[in-house]
Every structure is written in C-alpha cells, then in structure tokens.
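Summary of the model geometry
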Amino acid sequence: MIDVLDELADPDLEAHTSIVLAYNVDLLFYDKLVRRRLASSGAMSQLVFCDATPYAAGLDGVDPGSRIGRAYSVTPVRMSGAFHPKAYMLLGRRKARLIVGSGNSSIGGLVRNAEAFGRFDFDEAKGLPAHPAFSAILDLAKRLATRAVPAVTSQLARAEAWSPWIRTVGPLPDARVVHVGGEGGAGLMSVLRNAVSGGHLKRVVAVSASFDRKLDAVRELAQLGNGDHETIVIV
Amino acid sequence: MPEGDVDWLARDRDFTEGIDHLGVQVVSTNIYARLLPGISNLTDRARYFSFYPWVLDSFARKSPGKSPDDWRIWIRRHEFTFSAASIAAEVADKIDEDAAGGVIGARAARRIVNKKGAATVDIHDATRIENGKAAKGTYFKNREGGYGQYYKNQMTVLGLMRHDEDRKAPDRQLTKYAGEKLSVVVEQAKAFRDLREIAAIGGAVSLADLVTLGQAVHPGVLDPDGGEADHLRKIVLGTDDDLCRGQTAEERGRRRRTLALALDYLAKDDDEWDGDAVLGFRWGVLEESLGDGTRWKVPAHLEATRLGWAAYAQNELLNYALECLMWSVVQMIDAMPMTPREYAATLAAAACSARHATAPLPGRVDAALSAFAPPTSSSPWGDGSTWALLDELQDTTEPLQCAASAVRVLLRVAADRSRYGGRHPFAAIPDGDDIARRDIHLQAWWDRTDAARLESTEAFFAQLVIDWIIYRHLRVATRKLASQGDYTYRFRPEEGVLVSCGEIKPTFTNPRLRQGMRMLADIGLIEHGFGSVTKHGRALMAVTT
C-alpha cells in the first residue's frame, strides 16, 4: 500500500526538484497540499505538467493567495489525444523517488480513490545506478518543456545538473520497465508484445483504474505470448 | 489489520463529519468570545465554579493519598456523587424542570439511577480507574471527569485556580483571593460534607439518600441569598475587585455589559418568543426591538454592546445564507454532475428569476440592493422584514428555491447598514479590526457588493457561488486535510465535474448566551427558565454603567 502523499513528504530525500506529470492537476489541491508535501521533502523547484483541457477548467480554483507561477511552474500540455501520464518524481543530489501510477494530482487520485502505483527509489549510498525510469521521466519533461516558457527549461537544466547520477549507466536494479507512450511513440500493447514475443507466460496481471468498454485490451493481454497463461485483471 | 489488507477501505470509512464547511463561522465565534469572555459553551452551571475548588481543597486536606491516581479517584468520585445525587433528585421530580439539566455525566448517572430494581448506586464501580485510565463503562472517559474536560481551564481564566508548576495531578492550585474563599463557603454546607463522606468511601449509596442529597447540591438549587451565590455573582459579573484579581478589568467589564444587556432585554420583553429568550435576544439586538414589535430602548451605556451583538447577529445571517447556498450546491451535485461554473450559473439563474420567488431580482446589483433595503414599516417582523426573509429561507426544501431565498437574505444583509452610522460593523467589538482580517465577514460582503454595483445580478451571484461557496469549501476542506488529516469534503472535483461526498446542514453558531442566561439564573439574577429579573438582577442593572 502506497500513500502517495506520505511518500512525497520525505525529508530524508533532501530533494531539490519535483516533477509532477498528470492528466488532471487540481490546482487548488496542488497549491494547498501537494506543493507543501513536496516542499517538505526539500523540493523548492517544482514543475507541473498537465493536460490543457482540465487545466483551463480548473483555473477558477486559483485564488490571489495561490503560489502558482511563483513557487511552482505549471505547463499545460496540448496534444491530439489526452496527456495522460501520472508520475511524481523527487530529485535530490544523492537520493530520489519516482512514483508512477494511475492517480491524478487530485483529491480523488491521491486521497480517496483506489489507484495503482509503483515506487522507484534511488540512493547513491547503495552504489547501484538509478533505474532508467528516472531519466525517462526527466527526458519526457524536457521534451514537454520545449513548448513551455523558458523558465521551465531552466528549472529542468538545473535539476539535471544537480542530479548527475540520473545519467549513470549500469546494471538494472530490477526488471521493471516504465514505458512512455504517446504521440509518435509505440503503443503499450505493442511494447508488451515485443517483450514477450512468442514466449511462454505463466500469468499476466493487469491493474488499472479503468479498461475499455469492449475489453479489447484484456483480450489482447490474454493472447500475449502463446496465449496459454492465466490473465488476472484488477480494476 | 493483517499485512496486505487494503487499508484504503478503512480510510474510506474515516470520514469526518466536521463543521463550518465554508470556514465562515470563526468570525462569529471570535465576536462572541470577545463580547462574553469567561463563559464557554460547555460551562453552563455556576455551581461547578464553587464545587470544584471545594473538591480540590478537600483533596489537599482530607485525602489520605496524594498520588496522581489518588487525585483522579477523588475528583471522579466527588463529581459522580454530585451527578448521581442531582439526577436522582431530578428523576424523583424534586427539582424544578426549569432548573434541571447541565449536570456533568448526566447520561451515565441517569442510566444507573434508572436501572430497573436498583436501590443503590455503586460510586466506585461508576468511577473506577484501571491502569491509570478511566475504566470502560464508567461515567466519564476523561480521567479527571468533566472538571478536566470542561471546567478546569475556564476556572483558570476566571482566576479561581492557577497552574501548579510542581504537580501533574492535580495540576491546579486554588488562588487565595477567589478559589479558597469559594471553597470555604461550600465547606460550610452540611450537604457537601455529606457528599464528601459518600465519595471518600466510594461504596454503594442508597437512591433515597442520593435524592435527599441532590435536593441540596443540585446546580439549580443555589440559594440566591446565600453566601455561595453571592460569591459566584461577584465572580461571574466581575463586580468585586478582590475576588476578581485574576481577571482583567477589560474582560470583566465586557462580560458584565453583555449580561446586563441580556438582563435589560429580559426585564422588558414579554413572552412573544415562546420562552426562547435567547432567540428573542438575538433578534432584539439586531432590530432594536422587543418581541411584540415595540422598540427596545437600550440604556445608553449598553448601546455599544448592543451594536457589537447586532454585528454578530447580522454576520450570522450572512453565514447562514452562504451555508444554504452550499446546501443547494450539494443537493444539485447529488442529482446531476456538472462543472463548478454550470452549478453556479444554474443556481444564479434560478435565484434571480421569478420561478422560485414572488418577483425576479432586478438585473443590476445596485437595483437589487435598493429593492432589498430594509422596509420602513414599524413592525420588524412583518412582510419583507429580515425575519420574514429568513423564515422563508428556513422553510425551503428544494435546492433552487433555497438558493433563491438565500440570495434574498444576502441582499438584505448587504443593504441593511444604517445602524452602524457609517462605521465598520465590528467597530463596537473589542479587537474587531483583527477579526475583520478574515476573508468572509459582514464588511467583506458589503465591500463585495459595493464593488459590483454596476454588474449583472445574475453574473454577480454566479461568481459568488464560485468564489465563496464551491472553491471556498474546497480550500477549507483541503486545509483541514493538510493540517489535521481530516477528510471533510462535501464535494470534490473529479475529471472536471463535482462529485458529492456528503451532506451539509446549515447552522448558526452558539453564542454562549444560553449558557450565560442559565448562569444568570443559577446565581439568582433571573428566574430559572429565562424568567423574570430578580432583585439581584435589578441591583446589577443599576450598578452597570
């Protein structure tokens, strides 16, 4: 069980930067709660990327006391489909944490709903390289920043300079993979298909907050590999 | 919980009911705390102010053991014996109905006293301490009973006791100038010495003995001409410099003026409020009127206090109407998910139309304010009066109708300013400027309407719902979640629309007046049941200047 809000408020990380990617960032909730949790981990430079449509609708929640644009940058992302990742990353000089999952930065996504999340930690003292998921998320943020105001690019450049460990290459700490899909990228299902190819699988477990109505994705999961595995779906 | 269980289910059940979902009531509570200092909502019987000093003093003089647990057992047994005796007397109909109530641990005492076939009450069993904690099923969870829960701090504020730096239990010692004097007076009463004998033994006591004891010690049977009532009067009213050395002159004066104002109202009002003098007082200070509609001629030296209470009452109307608007939003969310702007627009359109009211609202804010200026008719309770507008609002059962009535009350609150003579409505309240630093209060509402005089009424109220209802609630609930971990959301945004999380019941704050008035009765200034003013009450009114 991961309480994302607790995981984001960890002073041991001595973070300098946080990067939040979500479809919906409830600006009021972020400003009054998430921002403070991130700051208690040390993240004085905070970046938020969210889908442009819910962002526009949520602007009513910004009051004169909001720290938006001062304590953190918000970059609305416009794309043909929805901008739909949910990632929460804290970068420090020697430690870091990344939480990837299904919950938006909202009351529902981080407090009330049952959501699925996975956690990646980095601690330089352990002598292992960082999981590539960290650099994948940073690179995604850098790509998104090319369409943002220059200050966002500066925030990311500083973050990368202060966390040089993020580019260290070495043996993978574990077998987990964070795949960044979206415009121009391969779809998640084809990545899975390539990873498995014709091999034998014992079990496929899919955990998601939602599935397509016709369950096409579940059917495809059931047909992965040579299709004789059991498929478990947790919604 | 076993490892691996999904404790988010437990968290879903962890839903705090909460109060003040718009964070507006704090202004009202600040006002009444300043106008009636030293009386809290939970300390409503004056006799406890003399009883507890006596128990504390008795412990020092008579208890064989002096350990923290000895103290806890001592206070619990005394307090429960007092409760059981008082309740036994109430149950036996030996206490006037108007003088009953307000007894600490009454529910447990009543349960024990009313037990079928019970002829005795076991004091030890009802009060026992196990492993340093109140045992399960005993009369009070707090180890120091109602004394520790409600009265200890208030008695410290009133200067009856002070912190004892050297001890943890009891952590208070009596002041020589007030606490010890009260204890001496109580010790003179045989009934209290009998009570101590029962409590010290802590055994079974017969119901018949408790009834007899209760008739003498019940908080509602203080002899108004006796020494105990006289001392309490001086302390509560702050009229004796020596006894009140622990209270600031400023606070004594404020409390005395509010109580004197209440006495003045009670002395002049009739029975128009069906015995609810507190309700009458709230409206009386606002409209400067008695229950029968005649003018309440407030003595000049109490006029500033009346204006302070008028600001309180008017601020309460603002809060209540805003909470009614929130209630409307919550009901609509239950019926259909929409965006905040859609709710705001729907409510504002309905509120401004004639569909849910006798007439539509004028299209511009300044015209709407003129339309809701207070009527010039002589009756403060007639058609078009603030009273009538609120009555209408309280009668509504449907969200759009409720919103329509609420905005009409809001317009009246915005237009009704003349009583303050152009000054800030909180000018008559000590530290009123401090209170006015909050976001939402009477003056802020006036400023908001003034700034929007040329705007469309419908757009103005739609924006009000957005700012002061929907996002205000989300801000307040998020703050509570961030600071206390309490989940008090009544609605929350989800994928752009609002989803419902709970109910809201619009309420007024409790301005301690009911407690204040009950205390006036306890110390013999008015008859119990908010009745007529006694000779002691009239004497106070004569000296309060």
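Computed from a predicted structure; not experimentally measured.

1. Some details on the overall build of chain B
- Within chain B, the secondary structure is distributed over 23 helices and eight strands.
- Over its C-alpha atoms, taken along the principal directions, chain B stretches across nearly 75 × 70 × 45 Å.
- The buried share among the 545 residues of chain B stands at 57%.
- In the form shown here, chain B has an accessible surface area of approximately 22,800 Å², with 49% of it arising from carbon and sulfur atoms.
- Between the centroid of the 69 positive side chains of chain B and the centroid of its 76 negative side chains there is a distance of 5 Å.

2. Observations regarding the overall build of chain A
- Looking only at helices and strands, one finds eight helices and eight strands in chain A.
- By principal-axis analysis of the C-alpha atoms, chain A measures approximately 55 × 45 × 35 Å.
- Looking at the 235 residues of chain A, the share that counts as buried comes to 44%.
- Partitioning the contacts of chain A with sequence separation of at least 6, the portion at a separation of at least 24 is 75%.

3. Concerning the sheet that holds strand 2 (residues 45-51) of chain A
All names here are of chain A.
- With mixed pairing, six strands are arranged side by side in an open sheet as 3-2-1-4-5-6. Bordering the open sheet on either side are strand 3 (72-77) and strand 6 (117-123), each of which pairs with just one other strand. The sheet shows a mean angle of 10 degrees between the axes of neighbouring strands, direction not considered.
- In the packing of helix 6 (residues 150-162) onto the sheet, the strands contacted are strand 1 (15-22), strand 2, strand 3 and strand 4 (87-92), and the crossing angle to strand 2 comes to about 125 degrees.

4. Regarding a nonpolar patch on the surface
Residues and elements named next belong to chain A.
- Together, Val205, Val207, Ile232 and Ile234 make up an exposed nonpolar region whose accessible area comes to about 310 Å².
- Of all elements in the fold, only strand 7 (203-207) and strand 8 (230-234) reach the threshold of two or more residues within the nonpolar patch.
- Mapped onto the elements, Val205 comes out in strand 7.

5. Quick word on the domain arrangement of chain A
- Along its sequence, chain A is organised into domain 1 (4-167) and domain 2 (188-234).
- The gap between the C-alpha centroids of domain 1 of chain A and domain 2 of chain A is 29 Å.

6. Remarks on the nonpolar core
- Counting residues in hydrophobic clusters, the biggest one holds 201 residues, and the most contacted among them are Phe29 of chain A together with Phe281, Trp309, Leu322, Trp445 and Phe461 of chain B.
- Broken down by element, the residue count for this core peaks at 19 residues, all from helix 14 (residues 303-335) of chain B.
- In this structure, Trp445 of chain B is in contact with Leu318, Leu410, Val413, Ala414, Phe460, Phe461, Leu464 and Trp468 of chain B, ignoring residues within four places of it in sequence.

7. What about helix 17 (residues 386-395) of chain B?
Residues and elements named next belong to chain B.
- All buried positions along helix 17 are accounted for by Thr386, Leu389, Leu390 and Leu393. The arc that holds every buried residue of helix 17, seen down its axis, measures 95 degrees, which confines them to one face.
- Each element contacted by the buried residues of helix 17 is listed here: helix 13 (277-287), helix 14 and helix 18 (399-415).

8. Things to note about the domain arrangement of chain B
- Assigned domains of chain B: these are domain 1 (11-36 + 312-500), domain 2 (48-221) and domain 3 (256-298 + 512-543).
- Relative placement of domain 1 of chain B and domain 2 of chain B: their C-alpha centres are 44 Å apart.

9. Things to note about the interface of chain B and chain A
- In this assembly, 20 residues from chain B lie in contact with 24 residues from chain A.
- Where chain B abuts chain A, roughly 2,100 Å² becomes buried across the two surfaces, and 54% of that area is made up of carbon and sulfur atoms.
- Seen at the junction of chain B and chain A, the total is two salt bridges.
- A salt bridge links Asp60 of chain A to Arg341 of chain B, with the shortest nitrogen-to-oxygen separation between them at 2.7 Å.
- The interface formed by chain B and chain A holds three residue pairs in polar contact (both at pLDDT 80 or more) in total.

10. Regarding the pairing of strand 1 of chain A
Residues and elements named next belong to chain A.
- In terms of burial, strand 1 is a largely internal element, eight of the eight residues being buried.
- Both strand 1 and strand 4 contribute to a ladder of six bridges, which runs antiparallel. Paired with Ala15 across the strands is Gly92, a residue of strand 4.
- Here strand 1 pairs with strand 2 via six bridges, running parallel. Bridging from a neighbouring strand, Leu21 pairs with Phe49 of strand 2.

11. Here's the deal with empty space enclosed by the protein
- Applying the stated criterion across every chain yields a total of three cavities of 30 Å³ or more.
- Its boundaries defined by the atoms lining it, the largest cavity holds a volume of some 180 Å³.
- Lining the largest cavity we find 15 residues, and of these Asn24, Pro54 and Gly58 of chain A together with Tyr471 and Pro493 of chain B sit closest to its centre.
- Going through the elements one at a time, helix 2 (27-40) and helix 3 (52-58) of chain A together with helix 21 (457-484) of chain B are the ones with two or more residues in the lining of the largest cavity.
- When residues in the lining of the largest cavity are grouped by element, the largest group, three residues, is from helix 3 of chain A.

12. Here we look at helix 4 (residues 68-91) of chain B
Residue and element names in this part refer to chain B.
- Taking 1.5 Å per residue as the helical rise, helix 4 with its 24 residues ought to reach 34 Å, and the 34 Å between its terminal C-alpha atoms agrees with that figure.
- For helix 4, a buried count of 19 out of 24 residues is recorded, marking the element as mostly surrounded by other parts of the structure.
- At the C-terminal side of helix 4, Asp93 shows a positive phi close to 60 degrees.

13. Observations regarding the environment of Leu188 of chain A
Residue and element names in this part refer to chain A.
- Considering the arrangement of structural elements, one finds Leu188 in helix 7 (residues 188-196).
- On the basis of relative accessibility, which here comes to 55%, the residue Leu188 falls in the exposed class.
- In this structure, the C-alpha to C-alpha distance between Leu188 and Ile99, residues 89 residues apart in sequence, is 19 Å.

14. Details of the confidence of the model for chain B
Residues and elements named next belong to chain B.
- With 96% of its residues at a pLDDT of at least 70, chain B reaches an overall mean of 91.
- Low confidence marks residues 1-6, where pLDDT is under 50. Its contacts with residues over four positions away, or in another chain, come to one contact.
- Across residues 8-15 the pLDDT falls below 50, and counting only partners more than four positions away or on other chains, this stretch makes 15 contacts in the model.

15. Quick look at the packing of helix 2 (residues 25-35) of chain B against helix 14 of chain B
Residue and element names in this part refer to chain B.
- With their axes 9 Å apart at the nearest point, helix 2 and helix 14 run at an angle of 160 degrees to one another. Between helix 2 and helix 14, the interaxial angle falls into the category roughly antiparallel. Judged by the sense of rotation from one axis to the other, the crossing of helix 2 with helix 14 is left-handed. Listed contacts from helix 14 to Gln25, Val27, Ser28, Ile31, Tyr32 and Leu35 of helix 2 are Gly308, Trp309, Tyr312, Asn315, Glu316, Asn319 and Glu323.
- Looking at the contact of helix 2 with helix 14 residue by residue, the class counts come to six nonpolar, five polar and two charged.

Rules used in this analysis
- Residues numbered from 1 in each chain as written.
- Chains lettered and ligands numbered in written order.
- Predicted model: local features only at pLDDT ≥ 70, side-chain atom pairs only at ≥ 80, totals over all residues.
- Heavy atoms only, no water.
- Helix = DSSP H or I, 4+ residues; strand = E, 2+ residues; numbered from the N terminus.
- Buried < 20%, exposed > 50% of the residue type's maximum accessible area, 1.4 Å probe, protein only.
- Areas by Shrake-Rupley, 256 points an atom, 1.4 Å probe, with all protein chains shown as cover.
- Lys, Arg positive; Asp, Glu negative; His and termini not counted.
- Charge placed at Lys NZ, Arg CZ, Asp CG, Glu CD.
- Contact = heavy atoms within 4.5 Å.
- Pairing = 2+ DSSP bridges.
- Axes fitted to C-alpha atoms, helices over the stretch in contact; angles between N-to-C directions.
- Patch = residues over 30% accessible without salt bridge, like charges linked within 9 Å, V, L, I, M, F, W, Y side chains within 5 Å.
- Salt bridge = Lys/Arg side-chain N within 4 Å of Asp/Glu carboxyl O.
- Domains from an automatic or database assignment.
- Core = buried A, V, L, I, M, F, W, Y, C linked by side-chain atoms within 4.5 Å.
- Arc of directions from axis to C-beta.
- Buried area = accessible area lost by both parts, 1.4 Å probe.
- Polar contact = N/O pair within 3.5 Å; in protein donor to acceptor, adjacent residues only side chain to side chain.
- 1 Å grid on protein atoms, 1.4 Å probe; cavity = no way out; pocket = protein on both sides within 12 Å on 5 of 7 lines; lining within 4 Å.
- Points joined across faces, edges and corners; volume = space filled by probe spheres on them.
- Expected span 1.5 Å × (residues − 1).
- pLDDT = per-residue confidence, 0-100.
- Parallel < 35°, antiparallel > 145°, perpendicular 65-115°, else oblique.
- Left-handed = near helix turned anticlockwise from the far one by under 90°.
- Nonpolar A, V, L, I, M, F, W, Y, C, P; charged D, E, K, R; others polar.

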